[in-house]
Amino acid sequence: MKRFGLLLMCLALVLVITACAAATPAPAPIQSPMTSPMPGGTGELNPYPTDGAAQTAAMSGVESSALSKKANDAAVKISEIDSCVTAIIGDTCLAGVTFDPRYQGALTDRIRDMVSSRIQSVAPDIQRVAVTNDPELAAQINTVAEKISKANALGGLTGEFDTVLGRIQ
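1. Remarks on the nonpolar core
Logical step 1: In terms of nonpolar packing, the biggest core is built from 38 residues, with Leu94 and Val115 touching the most fellow members.
Logical step 2: Contributions of two or more residues to this core are made by α3 (61-75), β1 (81-89), β2 (92-99), α4 (109-122), β3 (128-132), α5 (135-150) and α6 (158-168).
Logical step 3: Beyond its immediate sequence surroundings of up to four residues, valine 115 is in contact with Ala75, Ile78, Ile81, Ala95, Val97 and Val131.

Right, here's the structure in full:
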């Protein structure tokens, strides 16, 4: 009799847990932009500014430059890419690429995704990678990267960084 009662209680407990689990809605997926949607700049304000205070304060210019070098090296391993210049602040990376002379195509979503994946493989904290093949924007990225390498604190460079980011997106 005791076994039968214990069995009924266990069965009731399983039914209650199953019912509660079925009634609980699944959480909505979190979406974060990882690559820039357009190859050229639109001049619009950046809807996703860099995660300023916390992550920018946690990274020094030297650390950001070292991470950028790794990101550059990873991106140029893609056969279509000849060179890459990156600037990293917080969880965001700006990447200016030039194509291998043998590559006759344009900057496509496939190439953006490959560059983004390569960069995120060496810098897992990077959440967003904005990729461009515009030479003017690549020169601006290089300028920002040089300023980052000479800076102790990156907080003063986020405005310029976000301006370039806004032009890429």
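Anyway, onward from the coordinates.
2. Quick look at the confidence of the model for the protein
Logical step 1: Taken as a whole, the protein shows an average pLDDT of 77; of its residues, 66% reach a score of 70 or greater.
Logical step 2: Mean pLDDT across the secondary structure elements of the protein bottoms out at helix α2 (residues 52-58), with 47, and peaks at β3, with 95.
Logical step 3: Long-range and interchain partners of residues 27-57, a stretch whose pLDDT sits below 50, account for 67 contacts in this model, where long-range means more than four residues apart.

3. Let's talk about the pattern of salt bridges
Logical step 1: Throughout the structure, instances matching the rule amount to seven salt bridges.
Logical step 2: With its nearest N and O atoms 3.0 Å apart, the salt bridge here joins arginine 110 to glutamate 80. In this pair, arginine 110 is assigned in helix α4 and glutamate 80 in the loop between α3 and β1, connecting sequence segments 30 residues apart.
Logical step 3: You can call arginine 110 partly exposed: its relative accessible area is 45%.
Logical step 4: Salt-bridge contacts for arginine 112 lead to aspartate 109; the nearest nitrogen and oxygen are separated by 3.1 Å. Of the two residues, arginine 112 and aspartate 109 are both situated in helix α4; the distance of three residues between them amounts to about one turn of the helix.

4. Description of the pairing of β2
Logical step 1: The buried count for β2 comes to seven of eight residues, which makes it a mostly enclosed element.
Logical step 2: Where β1 and β2 come together, eight bridges link them in antiparallel fashion. If you follow isoleucine 89 over to β2, its bridge partner there is threonine 92.
Logical step 3: A loop of two residues connects β1 with β2, the two strands running antiparallel in sequence, and glycine 90 in this loop sits at a positive phi of about 65 degrees.
Logical step 4: Of the strand pairs in this sheet, β2 and β3 are connected by five bridges, and their pairing is parallel. Across the sheet, alanine 95 pairs through a bridge with valine 131, a residue of β3.

5. Observations concerning the pairing of β3
Logical step 1: Counting buried positions over the five residues of β3 gives five, a clear majority of the element.
Logical step 2: Burial along β3 is two-sided: Arg128, Ala130 and Thr132 facing one way and Val129 and Val131 facing the other are all buried.
Logical step 3: A crossover links β2 with its parallel partner β3, the connecting element being α4, and its sense is right-handed.

6. Description of the sheet that holds β3
Logical step 1: Sheet architecture is open: three strands sit in the order β1-β2-β3, paired in mixed fashion. The sheet is open, and its two edges are formed by β1 and β3, each paired on a single side. Across the sheet, the mean angle from the axis of one strand to that of its neighbour is 20 degrees, orientation sign disregarded.
Logical step 2: Along the sheet, α4 makes contact with β1, β2 and β3, crossing β3 at roughly 135 degrees.

7. Re α5
Logical step 1: The end-to-end C-alpha separation of α5 is 23 Å, in line with the 22 Å expected for 16 residues at 1.5 Å each.
Logical step 2: Those residues of α5 that fall on the buried side of the exposure criterion are Leu137, Ala138, Ile141, Val144, Ala145 and Ile148. Looking down the long axis of α5, one finds its buried residues gathered within 120 degrees of arc, a one-sided arrangement. Projecting away from the buried face of α5 at angles above 90 degrees are the exposed residues Pro135 and Lys150.
Logical step 3: Of the residues that open α5, the one with a side-chain oxygen 2.8 Å from the backbone nitrogen of glutamate 136 is aspartate 134.

Criteria and thresholds
Residues numbered from 1 in each chain as written. Predicted model: local features only at pLDDT ≥ 70, side-chain atom pairs only at ≥ 80, totals over all residues. Heavy atoms only, no water. Core = buried A, V, L, I, M, F, W, Y, C linked by side-chain atoms within 4.5 Å. Buried < 20%, exposed > 50% of the residue type's maximum accessible area, 1.4 Å probe, protein only. Helix = DSSP H or I, 4+ residues; strand = E, 2+ residues; numbered from the N terminus. Contact = heavy atoms within 4.5 Å. pLDDT = per-residue confidence, 0-100. Salt bridge = Lys/Arg side-chain N within 4 Å of Asp/Glu carboxyl O. Pairing = 2+ DSSP bridges. Right-handed = clockwise from strand over helix to strand, strands pointing away. Axes fitted to C-alpha atoms, helices over the stretch in contact; angles between N-to-C directions. Expected span 1.5 Å × (residues − 1). Arc of directions from axis to C-beta. Polar contact = N/O pair within 3.5 Å; in protein donor to acceptor, adjacent residues only side chain to side chain.

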